[in-house]
Amino acid sequence: VPVPSVPLTAPGGVVEIPVLGLGTWQARGAEAYDAVRAALDAGVRHVDTATMYANERDVGRALADSGVAREELFVTTKLPPDRAGQEAATLEASLRALGLDHVDLWLVHWPPQGRARPETWERFIEAQAAGRARAIGVSNYSAAQIDELVTATGVTPAIDQIPWSLPDYDPAVVDALRSRAVVLEGYSPFKRTRMSDATLRAVADAHGVTPQQVVLRWHVQHGFVVIPKSVTPARIAQNADVFGFALTDEEMAALDGLGQTRR
Ligand code: NDP
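Residues numbered from 1 in each chain as written. Predicted model: local features only at pLDDT ≥ 70, side-chain atom pairs only at ≥ 80, totals over all residues. Heavy atoms only, no water.

K.L.:
For this particular structure, what's the right way to read the overall build of the protein?
P.N.:
Helices and strands together make up the secondary structure of the protein, namely ten helices and ten strands. A globule of 263 residues ought to have a C-alpha radius of gyration of about 18 Å, and the protein, at 18 Å, matches this closely. Its C-alpha atoms give the protein principal-axis dimensions of roughly 50 × 40 × 30 Å. By the burial criterion, 54% of the 263 residues in the protein qualify as buried. If you take every contact in the protein between residues at least 6 apart in sequence, the share linking residues at least 24 apart comes to 71%. Total accessible area computed for the protein in this model is approximately 11300 Å², and 52% of it derives from carbon and sulfur atoms. (Helix = DSSP H or I, 4+ residues; strand = E, 2+ residues; numbered from the N terminus. Rg over C-alpha atoms; globule rule 2.2 N^0.38 Å. Buried < 20%, exposed > 50% of the residue type's maximum accessible area, 1.4 Å probe, protein only. Contact = heavy atoms within 4.5 Å. Areas by Shrake-Rupley, 256 points an atom, 1.4 Å probe, with all protein chains shown as cover.)

So, in structure tokens, the structure goes:
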């Protein structure tokens, strides 16, 4: 079953982002290369990297060697906070490493300090206008920090990539982003989730899938974008295989109820 997409707002049209991508943090060298090749083999077309991950060259080689057409791929990279003021040069270095002439999504990895926040966002808007990033967004931003960018520039980030999974679930955060037309992209879907939780296990057993697959299915059924990381081919394939079953409304509500961490 192919991975569906959701629309991201971008000047001059809508950019479709596949709702499930491969995370690549802490994967480097051959490990990163092999993980990307395995994900592409499993039908994943969206890859999440960052300048900070020091694996853009490996990711780029895997994308090129796969032979998958550029238009089918969705590649995200991110500006590290210590590169505020060097935005354009940093993006050019990312593109060179990736072997691409544009990325599909460029994110501010963490909010820079003070006045650099709106200034960095201005540079992102310029990069998008120059065709170097089809969509632009942020990561680890609060709603107030998003509002600051909109007030300063009139341009809303297409996405906010935040730590997000069952224990983080908070409808107020969902509403805050949705009301601003910012897509919620969840990172670290597995790391803080207790896979032995009885509710999670019961749902997994009912569908004959793993707790990890239930977590990913919960994300996409909510309309979130999610980027599980794995360097293990069998897990990469398993994580991509969450579009052949659906959780019931009761199951979704029970899983929502596991959200206890209120930030
Ligand atoms: P995840 O929550 O994706 O968990 C990754 C871990 O789960 C790895 O140890 C992996 O093992 C294991 N795993 C993956 N799939 C399965 C499975 N089906 N069954 C059992 N274990 C599994 O962690 P990340 O923190 O890496 O988050 C995902 C991605 O989000 C990152 O890689 C990165 O791209 C992004 N991110 C962004 C941040 C930001 O500040 N914007 C911060 C953190 C992450 P193994 O690899 O050995 O198979």
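K.L.:
Before we go on, may I ask you to explain the packing of aromatic side chains in this structure?
P.N.:
Scanning the entire structure with this criterion turns up six aromatic pairs. Here tryptophan 121 and phenylalanine 124 contribute two aromatic rings whose centre-to-centre distance is 5.8 Å and whose plane-to-plane angle is 25 degrees, an arrangement assigned as stacked. Of this pair, tryptophan 121 and phenylalanine 124 are both found in helix α4 (residues 116-129), three residues apart, which corresponds to roughly one turn of the helix. Of the two residues, tryptophan 121 and phenylalanine 124, neither departs from the other in class, the shared state being buried. What links up through ring pairs into an aromatic cluster is the set Trp164, Tyr169, Trp218 and Phe224. (Phe/Tyr/Trp six-rings, centres within 6.5 Å; stacked < 30°, edge-to-face > 60°.)

K.L.:
Hey, could you run me through the side chain of histidine 222 in this one?
P.N.:
As for its position among the elements, histidine 222 is in helix α8 (residues 211-222). Residue class for histidine 222 comes out buried when judged on its relative accessible area of 17%. At 2.8 Å, the side chain of histidine 222 and the side chain of aspartate 256 are in polar contact. Every residue in contact with histidine 222, bar those within four places of it in the chain, is listed here: Tyr169, Arg178, Met252 and Asp256. (Polar contact = N/O pair within 3.5 Å; in protein donor to acceptor, adjacent residues only side chain to side chain.)

K.L.:
Honestly, the site of the ligand in this entry has me stumped. Any pointers?
P.N.:
As a matter of local geometry, the ligand sits amid 26 residues, with Asp48, Ser188, Phe190, Ser230 and Thr232 nearest to it. Between a nitrogen atom of the ligand and a side-chain N or O atom of tyrosine 53, the distance comes to 3.4 Å. Isolated, the ligand exposes 910 Å² of accessible area, and the fraction of that covered by the protein chains is 87%. Ranked by residue count, the leading element in the shell around the ligand is helix α9 (residues 233-240), at three residues. Of the residues assigned to the shell around the ligand, the class counts are nine nonpolar, twelve polar and five charged. (Near = heavy atom within 4 Å. Nonpolar A, V, L, I, M, F, W, Y, C, P; charged D, E, K, R; others polar.)

K.L.:
Just to check I follow, could you spell out helix α7 (residues 198-207) for this structure?
P.N.:
One turn of the α-helix equals 3.6 residues, which is why residues spaced by three or four share an orientation. Here α7 has its buried residues at Leu200, Val203 and Ala204. Down the axis of α7, the smallest arc covering the buried residues is 100 degrees, so these residues share one side. Exposed side chains of α7 directed beyond 90 degrees from the buried face belong to Ala198, Asp205 and Ala206. Looking at the buried side of α7, the elements it contacts are α8 and α10 (249-256). Structurally, the start of α7 carries an N-cap: the backbone nitrogen of threonine 199 is 2.9 Å from a side-chain oxygen of aspartate 197. At the exit of α7 stands glycine 208, carrying a positive phi of roughly 65 degrees. (Arc of directions from axis to C-beta.)

K.L.:
Help me understand the nonpolar core in this model?
P.N.:
Looking at soluble globular proteins, one finds that nonpolar side chains tend to be buried together. Within the largest apolar cluster, 79 residues are counted, with the highest numbers of intra-cluster contacts made by Leu8, Trp218 and Leu255. Counting residues per element, this core draws most heavily on helix α1 (residues 29-41), which supplies six residues. With residues near it in sequence (within four places) discarded, leucine 255 still touches Leu166, Leu200, Val203, Val214, Trp218 and Leu247. (Core = buried A, V, L, I, M, F, W, Y, C linked by side-chain atoms within 4.5 Å.)

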